[in-house]
Amino acid sequence: MQITTSTTLRLFLIGLCFTIFTTSCGPGRAVQGDSDDGRIEIAFLQMNDVYEINGVEGGKSGGLARVTHVYKTIRERHPQAMLVLAGDFLNPSLIGTLRHEGERIRGRQMIEVLNAMGLDLVAFGNHEFDISEEDLQQRINESQFDWIATNIQQICGDRRYPFYKEINGRKAFIPGHQLYHFRDADGTELKLGIISATLDSNPQDYVHYYDWDSCGREEMALVRPRADVVIGLTHLEIEQDMAFAEAIDNLPLIMGGHEHDNMIHQVGETVIAKADANAKTVYLHVLTHDKRRGQTAVSSELITIDQTVPKDPVVADVIQRWIDILDASIRQTVPDPYEVVYRATAPLDGRESTIRHRQSNMGELFAAGMLASSRHGAVAAILNSGSIRIDDQISGDITAIDIFRALPFGGAVFDVELKGSLLRGILDYGLKEKGSGAFLQYAEITRDGNAWVVGGEPLDDGKIYLVTMNDFLLRGFDIPFLTEDNGGIVAVHKPDQADQSDLRTDIRKAIISFMKAQ
């Protein structure tokens, strides 16, 4: 396959919105034919919210080597095709928290795999901004695929600029839209425009979010005169995607992310589709455009990625190298990362939309595991929801590595003696911080109306309670007044890290031991 690429760049500042025009030949085969029938088909294989390169559920579901096989099969039927990812892929991941070659991995493994897959285009998701500005820039520079950023810019001092990729020492700004040129076997040509939008759920001091609605309309006005068809690649909540579709005319397809559950909706003439997180499913969209009639149709098929799908050997080799790095790290804590430690008949919910707003069955189970590890007779346990980083649901056979995925930062469990008045302040603060990582998950703590109940009895301000908590909570990051020097803390019983029989040395060991006993 021969691909030629040409790029034209213009930067427009319109109100608060920006755009950069880039034009390139499409990723599909361009073969000159004798007869142009005026009809052309473009296939899109859509992923979104992919954090695990080797799949989930013990590798039974998902896996990017399998997605690659599917994509290559699709290209045999649809030579004009694109592989796209609708945001959220650099974080969170267990591998990303590890150190390799002297530095944190922080999404490097994902970039290497996506490059090997032949990914064509990504949109920014909110989790791309979990990592530092420096790490994000490094990941962008390492990527061999296109990026799109319609309503976000990089804050540099008191000014804002588009994000960029550094190529041979020069900055290539990431555009507000992309324009691809396709030509099929009989010579029918199509100029395809793609616009984007990213929700502002992850504020960072180096990112400025413009209004996605108005920026989308401005961008559409700029790309429409140059494109035969314009579609969307977004990372918004579904209600926002629907509003986006209503606000922008002649947008036949929006490929979105963020929700983690597959869905497809029709809003007017616009199809809005999202696949399941971690490539448990992918969406195949076939866009057919009749240039003579000016008509565009979209057909969509949800494809399950499981053990029945072969793995592409080249991508599988890249993945295995990273899995070997991961396994070596985990085996320092548990002997078998893939041991089944629990059978979840109902999905354990670790989604941020759940655990940062209410008690979750995953949070409750983890807190119970911490409580069971106490060596001093603790009566309750608390865990900040921000420690749970999986942002997904897991079900069926739960392996040890799943617990590491959910709690990638690990840490010790402490038995803490504290006054009831301080415990009340901690619980009240966690409740007030609903929606953030300071919201707490509990074991043996409930709320009866406006009253806290600990160990089955109303909380007594004058009583001393022994509570297990993860060591992070005592650093004052999530709950500012919760530090070891707080006068309400009577004693802190820490595990001896040399005593490997003490499950409290690593919160994941404590939880795994508890789950295996259930």
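See above for the structure.
A. The side chain of K280, seen in detail. Considering the arrangement of structural elements, one finds K280 in the loop between β20 (270–274) and β21 (281–290). The contacts of K280, once residues within four sequence positions are left out, are V56, E57, S61, G62, I303, T304, I305, D392 and Q393.

B. Layout of the pairing of β21. The element β21 is extensively covered by neighbouring structure, given that 10 of its 10 residues are classed as buried. Neither face of β21 is left uncovered, since the one carrying T281, Y283, H285, L287 and H289 and the one carrying V282, L284, V286, T288 and D290 both have all their residues buried. Here strand β4 (residues 39–47) runs beside β21; their pairing, made up of 8 bridges, is antiparallel. Note on β21: the bridge partner recorded for E41 is T288. Across 10 bridges, β21 lies against strand β22 (residues 295–304) in antiparallel orientation. Residue pairing across strands places V286 opposite S299, the latter belonging to β22.

C. Quick peek at the packing of aromatic side chains. All chains considered together, the criterion is met by 12 aromatic pairs. Taken together, a centroid distance of 5.6 Å and an interplanar angle of 45 degrees make the contact between F89 and W147 tilted. In this pair, F89 is assigned in the loop between β5 (81–85) and β6 (99–100) and W147 in strand β9 (residues 146–148), connecting sequence segments 58 residues apart. Pair check on accessibility: F89 and W147 agree, each one buried. An angle of 40 degrees between the planes, with centres 5.4 Å apart, marks the rings of F124 and F163 as tilted. Of the two residues, F124 sits in the loop between β8 (121–123) and α3 (133–142) while F163 sits in the loop between β11 (159–161) and β12 (164–167), which places them 39 residues apart along the sequence. With relative accessibility at 0%, the residue F124 sits in the buried group. With relative accessibility at 2%, the residue F163 sits in the buried group. Among the aromatic residues, those joined into a ring-pair cluster are F89, F124, F129, F145, W147, F163, Y206 and Y209. Its end group placed over the ring of Y164, K171 keeps NZ or CZ at 4.6 Å from the ring centre.

About the criteria used
Residues numbered from 1 in each chain as written. Predicted model: local features only at pLDDT ≥ 70, side-chain atom pairs only at ≥ 80, totals over all residues. Heavy atoms only, no water. Helix = DSSP H or I, 4+ residues; strand = E, 2+ residues; numbered from the N terminus. Contact = heavy atoms within 4.5 Å. Buried < 20%, exposed > 50% of the residue type's maximum accessible area, 1.4 Å probe, protein only. Pairing = 2+ DSSP bridges. Phe/Tyr/Trp six-rings, centres within 6.5 Å; stacked < 30°, edge-to-face > 60°. Lys NZ or Arg CZ within 6 Å of the ring centre and 35° of its normal.

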